[in-house]
Structures are given as structure tokens and as C-alpha cells.
Amino acid sequence: MSNLLLLPVLVPFLAGAVLILLRNHPLIQRVSSAVIMTVMLLISIQLLYTITTGGILTVELGNWSPPFGIVLVGDMFASMMVLLTSIVGLACLFFSFQTMARIREKFFFYPFYFFLLTGVNGSFLTGDLFNLFVFFEVMLISSFILIVFGGTPYQLRESYKYVVINVFASGLFLVAIAFIYGATGTLNMAHIAVQVAEMEQQGVINVAAILLLIVFGMKGALFPLYFWLPKSYYGPPAAIAALFGGLLTKVGIYAIIRTFTLIFVHDTAFTHNIILALAGLTMFFGVLGAVSQFDFKRILSYHIISQVGYMVMGLGLFTPLALAGAIYYIAHHIIVKSALFLFAGATQKITGTTDLKKMSGLLKTHPALAWLFFISAISLAGIPPLSGFFSKFALILSGVEEGRYIIVAVSLLVGLLTLFSMMKIFIYVFWGGPSLKRSDYAHIKLLPLLAPIIPLVALTITLGLFAEPIFVFSEGVAAEILDPSIYIDAVLEE
Amino acid sequence: MKTNFVMLHTVTRIVSFIILSFSVYLFFAGHNAPGGGFIGGLMMAGALVLLYVSFDMDRIKKVLPIDYTQMIGLGLIIAILTGLNSLVFGDPFLTQYFDYFQWPFMGEVELTTALPFDLGIFLVVVGVALLSILTIAEDVS
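Residues numbered from 1 in each chain as written. Chains lettered and ligands numbered in written order. Predicted model: local features only at pLDDT ≥ 70, side-chain atom pairs only at ≥ 80, totals over all residues. Heavy atoms only, no water.

- In the nomenclature of an unreviewed UniProt entry, chain B is known as Na(+)/H(+) antiporter subunit B of Alkalicoccus urumqiensis.
- On record in UniProt, under Sequence similarities (unreviewed entry), the comment for chain B is "Belongs to the CPA3 antiporters (TC 2.A.63) subunit B family."
- As recorded by UniProt, the Subcellular location (unreviewed entry) comment attached to chain B reads in full: "Cell membrane". (UniProt positions renumbered as here; feature names shortened; annotations may be inferred.)

- Under an unreviewed UniProt entry, the name given to chain A is Na+/H+ antiporter subunit D, and the organism recorded is Alkalicoccus urumqiensis.
- Under the UniProt heading Sequence similarities (unreviewed entry), the note attached to chain A is "Belongs to the CPA3 antiporters (TC 2.A.63) subunit D family."

Focus: the overall build of chain B
And step 1. Counting secondary structure elements, chain B contains five helices and two strands.
And step 2. Written out in order from the N terminus, the α and β elements of chain B read α-α-α-α-β-β-α.
And step 3. Relative to its length of 141 residues, chain B is extended, with a C-alpha radius of gyration of 18 Å against a globular reference of 14 Å.
And step 4. Seen through its C-alpha atoms, chain B measures out along the principal axes to roughly 65 × 40 × 25 Å.
And step 5. Counting every position in chain B, which comprises 141 residues, the buried fraction comes to 38%.
And step 6. Within chain B, residue pairs in contact and separated by at least 24 positions form 59% of the contacts whose partners lie at least 6 positions apart.
And step 7. Working note: accessible area of chain B is about 8700 Å², and carbon and sulfur atoms make up 72% of it.
And step 8. One way to put it: in chain B the 5 positive side-chain charges average out to a point 25 Å from where the 10 negative ones average out. (Helix = DSSP H or I, 4+ residues; strand = E, 2+ residues; numbered from the N terminus. Rg over C-alpha atoms; globule rule 2.2 N^0.38 Å. Buried < 20%, exposed > 50% of the residue type's maximum accessible area, 1.4 Å probe, protein only. Contact = heavy atoms within 4.5 Å. Areas by Shrake-Rupley, 256 points an atom, 1.4 Å probe, with all protein chains shown as cover. Lys, Arg positive; Asp, Glu negative; His and termini not counted. Charge placed at Lys NZ, Arg CZ, Asp CG, Glu CD.)

A few points about the overall build of chain A
And step 1. Counting its regular elements, chain A contains 23 helices and two strands.
And step 2. Since a compact globule built from 494 residues should have a radius of gyration of about 23 Å, the 22 Å found for chain A is in line with a globular shape.
And step 3. With respect to the principal axes defined by its C-alpha atoms, chain A has extents near 70 × 55 × 40 Å.
And step 4. Within the span of chain A, comprising 494 residues, buried residues form 62% of the whole.
And step 5. For chain A, the computed accessible surface area is about 16900 Å², with 71% contributed by carbon and sulfur atoms.

Focus: the UniProt feature "transmembrane region" (unreviewed entry) in chain B
Residue and element names in this part refer to chain B.
And step 1. Mapped onto the present numbering, the UniProt feature "transmembrane region" (unreviewed entry) falls on residues 12-29, 35-53, 74-94 and 114-137.
And step 2. Structurally, residues 35-53 is divided into 89% helix and 0% strand, and its ends, taken at the C-alpha atoms, are 26 Å apart.
And step 3. Annotated as residues 114-137, this span is 100% helix and 0% strand, and its ends, taken at the C-alpha atoms, are 34 Å apart.

Thoughts on a nonpolar patch on the surface
Residue and element names in this part refer to chain B.
And step 1. The grouping of F101, W103, F105, M106 and L111 at the surface amounts to a nonpolar patch, some 610 Å² of accessible area in total.
And step 2. Mapped onto the fold, F105 is located in the loop between β1 (98-103) and β2 (107-112).
And step 3. Judged by its relative accessible area of 90%, F105 is exposed. (Patch = residues over 30% accessible without salt bridge, like charges linked within 9 Å, V, L, I, M, F, W, Y side chains within 5 Å. Salt bridge = Lys/Arg side-chain N within 4 Å of Asp/Glu carboxyl O.)

Here's the deal with the packing of helix α3 (residues 76-99) of chain A against helix α11 (residues 238-262) of chain A
All names here are of chain A.
And step 1. Across the interface, α3 lies against α11 with an axial gap of 9 Å and an inter-helix angle of 170°. One way to sum up the angle between α3 and α11 is to call them roughly antiparallel. Of α11, the residues touching α3 (which contributes F77, A78, M81, T85, V88, G89, C92, F95 and S96) are A238, A239, A242, L243, L247, K250, Y254, I257 and R258.
And step 2. Residue composition of the contact of α3 with α11, by class: 13 nonpolar, three polar and two charged. (Axes fitted to C-alpha atoms, helices over the stretch in contact; angles between N-to-C directions. Parallel < 35°, antiparallel > 145°, perpendicular 65-115°, else oblique. Nonpolar A, V, L, I, M, F, W, Y, C, P; charged D, E, K, R; others polar.)

A short note on the side chain of B:T112
All names here are of chain B.
And step 1. When you line up the elements, T112 lands in strand β2.
And step 2. Relative accessible area serves as the criterion here: at 11%, T112 is assigned to the buried category.
And step 3. A distance of 3.0 Å separates the side chain of T112 from the backbone nitrogen of A114, its partner in a polar contact.
And step 4. At 3.3 Å, the side chain of T112 forms a polar contact with the backbone nitrogen of L115.
And step 5. Those residues within four positions of T112 in sequence are excluded, and the remaining contacts are H31, Q96, Y97 and F98. (Polar contact = N/O pair within 3.5 Å; in protein donor to acceptor, adjacent residues only side chain to side chain.)

Let's talk about the UniProt feature "domain: NADH:quinone oxidoreductase/Mrp antiporter transmembrane" (unreviewed entry) in chain A
And step 1. UniProt's feature table lists "domain: NADH:quinone oxidoreductase/Mrp antiporter transmembrane" (unreviewed entry) at residues 127-417 of chain A, given in the numbering used throughout.
And step 2. What you have in residues 127-417 of chain A is 81% helix and 0% strand, and the ends, taken at the C-alpha atoms, are 38 Å apart.

Topic: the interface of chain A and chain B
And step 1. Chain A puts 18 residues into the contact, and the matching count from chain B is 17 residues.
And step 2. Across the chain A/chain B interface, buried area totals approximately 1500 Å², and carbon plus sulfur atoms make up 78% of it.
And step 3. Considering only the side of chain A, the residues that lose the most area to chain B are A:L10, A:L14 and A:L21, jointly responsible for 32% of the buried surface there.
And step 4. At the junction of chain A and chain B, the tally comes to one residue pair in polar contact (both at pLDDT 80 or more). (Buried area = accessible area lost by both parts, 1.4 Å probe.)

Things to note about the pattern of salt bridges
All names here are of chain A.
And step 1. Applying the stated rule across the entire model yields four salt bridges over all chains.
And step 2. D75 serves as the salt-bridge partner of R258, at 2.8 Å between the closest nitrogen and oxygen. Taken as a pair, R258 in helix α11 and D75 in the loop between β2 (71-74) and α3 lie far apart in primary sequence, 183 residues in all.
And step 3. Taking the relative accessible area as the measure of exposure, R258 reaches 5% and is therefore buried.

Here we look at unusual backbone geometry
Residues and elements named next belong to chain A.
And step 1. Residue P224 follows F223 across a cis peptide bond; omega there is -5°.
And step 2. Considering the arrangement of structural elements, one finds P224 in the loop between α9 (204-220) and α10 (229-234).
And step 3. The linkage connecting P384 with the following residue, P385, adopts the cis geometry, with an omega of 5°.
And step 4. Residue position: P385 is located in the loop between α16 (367-381) and α17 (387-402).
And step 5. A positive phi is found at N63, a non-glycine position, where the angle reads about 60°.
And step 6. Of note, N63 is situated in the loop between β1 (57-60) and β2.

Quick look at the UniProt feature "domain: Na+/H+ antiporter MnhB subunit-related protein" (unreviewed entry) in chain B
And step 1. Mapped onto the present numbering, the UniProt feature "domain: Na+/H+ antiporter MnhB subunit-related protein" (unreviewed entry) falls on residues 7-130 of chain B.
And step 2. End-to-end, the C-alpha atoms of residues 7-130 of chain B are 25 Å apart, and along that stretch the chain is 69% helix and 10% strand.

Quick word on the nonpolar core
And step 1. Counting residues in each nonpolar core, the largest one holds 201 residues, and the members touching the most others are A:F77, A:F343 and A:F373.
And step 2. Per-element tally for this core: the top contributor is helix α14 (residues 320-351) of chain A, with 21 residues.
And step 3. Beyond its immediate stretch of four places on either side in the chain, A:F343 contacts A:L369, A:L372, A:F373, A:S376, A:L450, A:I453 and A:V457.
And step 4. Membership of the second largest hydrophobic core comes to 17 residues, among which are B:L51, B:F55, B:F122 and B:L134. (Core = buried A, V, L, I, M, F, W, Y, C linked by side-chain atoms within 4.5 Å.)

A closer look at the packing of helix α5 (residues 109-125) of chain A against α11(A)
All names here are of chain A.
And step 1. It is at 10 Å that the axes of α5 and α11 come closest, and there the two elements cross at 20°. Judged on the interaxial angle alone, α11 and α5 are roughly parallel. The two elements α5 and α11 meet at a crossing, and its hand is left-handed. Residues F109, Y113, L116, L117, V120, S123 and F124 of α5 touch α11, and the partners they reach there are I240, L243, F244, L247, L248, V251 and Y254.
And step 2. Among the residues making up the contact of α5 with α11, the classes are represented as 13 nonpolar, one polar and no charged. (Left-handed = near helix turned anticlockwise from the far one by under 90°.)

Spelled out as C-alpha cells, the structure:
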């Protein structure tokens, strides 16, 4: 029992509630949200440290012991995700100070920002399937509001689709939970895992497993359920798009990895092969979408889809090496993808557009922006010594060891096409003769725009240069989630 | 010609008081018997909406100058802080404490920490229901 585990959920929740009361004081809102976000970062570092050194933490809410009450469970995987959430949340918050229109701040931007983080952190930390549903809803309702922020006709049209698909997915999620509750008689994830192990995973359990895969696949943008993502992530302001692009789909991926390493592990020939096939198709179609686009934000949105494929590929291969690669990839992806979306926001602020064909020559006028973008872009594409390389290397190595040559070939091809489309952005935006006159951009200060992004770029370089200790850590996480008994004992023994 | 709503106004004056007091009763009945913050809050929101519908909005706003946005925030804070007080005693979040007290005239009364938590829920529900209804009502197309 440790209440430290509660803080990543409670601090943003309380902060959001207090910020509702302060809606008419933008300056106080900005200062206090910056302070709270920094505190959250410190808390999540402390949490990760405590869990890495001391093992899994659990909290039984309301002192009701599991499997009857709701537990929060913090293992290394969950606390790593919480830390990444705080990092990205801090960067996007500071970026929003620079780019968010002042009038919009009065419409509860900060409260819903924190409610979103409450939902994300809660989804990572909860140990109860129904509670996971609740936190998903907290996250989704906040995201519905953030995604229409500004209320342009395009945003309203695309967010309507986003809302409809998510409400449908939530309905399916409830059906899947009902299936599982009917079959096992429990909602505690550790207890479900015990029950499923006893009753053998077949029939109705497999149905529930695939239903859950569909639900989480919809949230995590897996093939063929990714169609909503590129259009709806194109609409909102860059700070919000970066937060969504970095985090929200990863919550779905986290839930897939959690359920398919803890609960549904007894019929891997069936479930994990489906996941592997989905991974390959997701990667391939996602990157094809990216290659065909000529818009900065749209290319990045399609890349989310193709890269979600890599993470799920690690789960599909289901070896310690592949899972370690997938976990490394998630960390790398959350950081780099948020950075790239913020770069898109920065160039949009400078040039006033996200259409690649209308920009050129920023390399001459904004060299710092250009080179920082270049580092993130090649890191995304997987060029050594940056973080993208080592994670993909582990995945492909494991694929070769397992003899899954098709998925290896697909992932190599996708890596190449990723590089191609990132270079397309670089060539169109930064090469060529300057399209802007000095008077167009002189009033925009570059340093405040870049300041929130630089730490993210520094992190991707660090993740690459110190690949050895970080990979050892990922292997530790993978070993922990590959042995469900550690999780089950931690929850049910107390 | 000015329309006259004597019947509606007279009935509303009586009925809204019945609903309001029943909502308070439901609120206190909660957490061990059917009732509680959510149902009580919904019922109170129903009574207030009845007032808004039968009298005009400006007049009710003058009588009840409440900012429902602030009410939501306040309710959330009360609910969270009630959950947090268990941290002081080293128990997990949301742990409930209760005891029985002898009060003059009222006899034995159970006091629990679930009550302020329910009050928070009550405020949030009233705030959300009225805020959404009034926002739609005020929308000039």
C-alpha cells in the first residue's frame, strides 16, 4: 500500500477542478498549471524510481481488498508510461503558452488538459478492467473537448466522426467486459488472469479477447480501424495535436500489451498471430498514407499509424527481446512524435501554413529549427545513433531469430518509406529559395517556440547515445510483463 | 396582449418546493439506502429547470445568482478533498469513516465522510445539468 501511486491521478484531477474556478484569470492559470505539471514530472520520476528499486506498488481504493475492490497497480511498465506522459505533458503545455490564442484559454483549456492527463495516468495505473473503462471515458471526454478547441468548421466535422467512433468503441468495450465478467465472475485484471489460466483460454474467452483487441485497436489506430486518426488529428492546434499524437493512441497500445501479456497468454498461436498480421498491415498502410500526403501534419498523423504497427509487432512476436524493443519503441515514439508535431506547429506559426508545397527555404532563415527538426526526423526514421534505430533493431533481430521473415521485410520496407517521407518534408520545407520576406517572420521570436521542443530532441539523442542502460531497463520491463505471476502475486497476495 | 400564466406560476411555486425538499431528503437518505448525491442532484436540477421554464430566465437569474461553472469546480474539489482526508490517517484514497453520535432532540445520528463526498457529487450534478440546459436555452441562432 502506498499513496504515492495515487498522486499521478489525483494531482491533475484536483488541479483541473481548481482551475475551473480560476477561468477568468489566464495568468494565474498559466503559472499554476506550469507549476503543477512540473510537480507531476517530479512525482512520476520518484514513482518510477521507487517501483524500479522496490517492486510493484498497489493501492486498494477505499480499503476494499482485491478482487472485490478497485486496485491501482504500478509496475515498471505503467510507471514508465506515467513518466513519459509527464514529459510530453510538460513540453506541450509550455508550447501552448506560446501558440494558444488568448481567448481560447478562457474556455477551460487548462482544466481539460489536466482531466485528460488524469484519464491517461489512470488508464496506465489501474488494475481493474471496468475502472480502465472509466478512465478511458475520462480521457475521451476531455479529448472530445480539446479536439474541437477553436471550433472551426473542419474541426467540428472531423471531431463528430471522432466522437461517434469512440462512443461506438466504448459500447463494444462494455460488451467485452460483460463477456469477461460473465465467464470469469471478476473484473480485477490479476484475478481474471488467474481464472483464465484455470479455465483454459478458448471459446468465449477468445471472443472476449478479440473484442478487446478491436476496442483497443480502434483507440490505438490499428489496421483497419485507423481511418479516423489522420483527419481528426489534423484539426486541433499544434500543442493539442502533439499531446494527442504522442499519447492517446499509446494508451490503446498500452491496454493491448497489458491484456495480452497478463490475461490472454494461453493461446498465443491464435491471438498473437492475429496481432502480428495486424501489425504488418498497420505499418504498411500507415506509411503508404504518409508517402501520398503533402501536408506537414497529415504526414505526421499517418506516421503515428505506421509506428503503432512496430509496437504491436513486438507484442505479436512475443519474445523478451521483441517486447523490450517494443517498449523502447514506445518511449522513443512518444517523445519524437510529440517533438515533430510541435515542429509542425512552430513552422505553421512562422509560415502560416502546413501545406508543404507552399513552404520553402526555411533552412536559410531558421537554421536552428531546421537542424533540430532534421535530428528528430532521422530519429523517427531509425538512423543510428538515435533512439529510433536501436528499438527497430531489437524488433527486427527478434523477428529474424523467430523466422518471421515476412514481418521483418515489411518493417524494413516501412522504415525506408518513413525515411523517404520525412526527407520529403525536409526538402520541401527547408530547402530551396526562401519563400518568406524578412518582414513576415521578424516579429516571431524563435527561441520561446523552440524552448519546449529542445528537451524532447535532447531526450531522443540521449535515448540513442545511452542505448545500453536504457535497453537493459526495457528488458527488465519486458521480463516483468512476460511473467504474469509477478503482477498477480503483487495484487492478490496482500 | 400579455399572456397570463397564473395557473402555471401558482402550481410551480408549490410543486418546486416539494421537489426541492424531496431532493434534500434523497440526498441525506443516500449511501446506505436508495438516494445519494447523484439522484438528489438530478432531482434538484429538475426543480430548478421547472422554475426556469415557468418563470423567465432573467428573473430566476436575479433570484438565484449562481455561477454553475464555479459550482462544478467547487463540487469536484469537495469530493476529492473528502477522498484525500484518508491519506492523513495513512489509509488508501477514498477510505470511508463513520461513527454514531447522540444529538439532542435527534437521537442517534450516523455521521460519515461519505456525506461530504456526496455533497460534492450533488453540486457537480446540479451544476452540469443546469449548465448544459441553460447553455442550450441561451443559444441564439
